[in-house]
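Structure assessment
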Amino acid sequence: MFRDCIKGLDRVFQSEIKPGKTILVTGPPGSLKSSFVHSLMKVYVERTGEFGLYTTLEQDTSSHLEGIESIGLGLSRNLQITDYSEILMDEYGGNFNYMEFTEMMIDHFKGRYGERFSLYGFDSLGALYSMMTEVKNPRKFAFQFFTMLKKHNLTSFVIMESSQTGEPITMGNEPFLCDGIFHLGIKRNRGHLTRYFQVIKMRSTKHSMDPYAMKVDDNGIEILGPVLDTS
Ligand SMILES: Nc1ncnc2c1ncn2[C@@H]1O[C@H](COP(=O)(O)OP(=O)(O)OP(=O)(O)O)[C@@H](O)[C@H]1O
Ligand SMILES: [Mg+2]
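None of these values were measured; they are calculated from a predicted model.

About the criteria used
- Residues numbered from 1 in each chain as written.
- Chains lettered and ligands numbered in written order.
- Predicted model: local features only at pLDDT ≥ 70, side-chain atom pairs only at ≥ 80, totals over all residues.
- Pairing = 2+ DSSP bridges.
- Helix = DSSP H or I, 4+ residues; strand = E, 2+ residues; numbered from the N terminus.
- Axes fitted to C-alpha atoms, helices over the stretch in contact; angles between N-to-C directions.

**Here we look at the sheet that holds strand 1 (residues 22-27)**
The sheet built from nine strands is open, its strands ordered 3-2-4-5-1-6-7-8-9 with mixed pairing. Edge positions in the open sheet fall to strand 3 (79-83) and strand 9 (220-226), since each of these has one partner strand only. This sheet shows a mean twist of 25° between the axes of neighbouring strands, independent of strand direction. Sheet topology places strand 4 (residues 117-123) next to strand 5 (residues 155-161); four bridges connect them, and they run parallel. Residue pairing for strand 5: Gly-121 is matched across the bridge by Phe-157.

Structural data, given as structure tokens:
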């Protein structure tokens, strides 16, 4: 159950996220996008015995691991982290076919784990767009990317950066194409910065749309109560 995988997530979700959904995870720099998706996936695969693939373009594997270790998480046998950064920069520059490569990797892990391979994380679409010089039509790309993930029956968390004010940096129309949008925000509240988690949409799921305060420390992420509007 996804809503048991991060402490307090069941405050936001009254029913479970159905398998095979594509979810966009948006937020400004440092808003816990990578940590949130990794935590959710890691706990889920360990509890269910399923398998997940987390692809990072934004950071290399060791820097991603440093980040998750700082919130008390480590590696898991059921969660594979792959890092595109070296291949992308060194060999292909802007002419790399991300879609084909990602699908090849998914096929490889489906071949090895079958339907046990059920979760996919992508970090991040913004980083991908900034490298994709050969993609003329990002809207079409986003559509094909989400369609490909659905075809493989993967519950997918696709990270997309947003600006400080919260607007996602979208080049396509990802918000319409995906089944769910989780926003990780940072609010200024009486001179303090408060982290929050908000579900903008989640198809076929009963959920609150309020922003919920979120805390992080050495023991991980916790979702607290709704944030009161102080504006
Ligand atoms: N042990 C900890 N205690 C408190 N805060 C922590 C701890 N470990 C990490 N953090 C916070 O988590 C943040 C990093 O989170 P993360 O990398 O998941 O964010 P992100 O949204 O993916 O960032 P980016 O936009 O850079 O990719 C750090 O900037 C720090 O504020
Ligand atoms: Mg990140």
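And the narrative resumes.
**Concerning the pairing of strand 9**
Note that strand 8 (residues 212-217) and strand 9 share five bridges and pair antiparallel. Bridge pairing in strand 9 links Tyr-212 to Pro-226. Hairpin connection, strand 8 to strand 9: the antiparallel pair is bridged by two residues.

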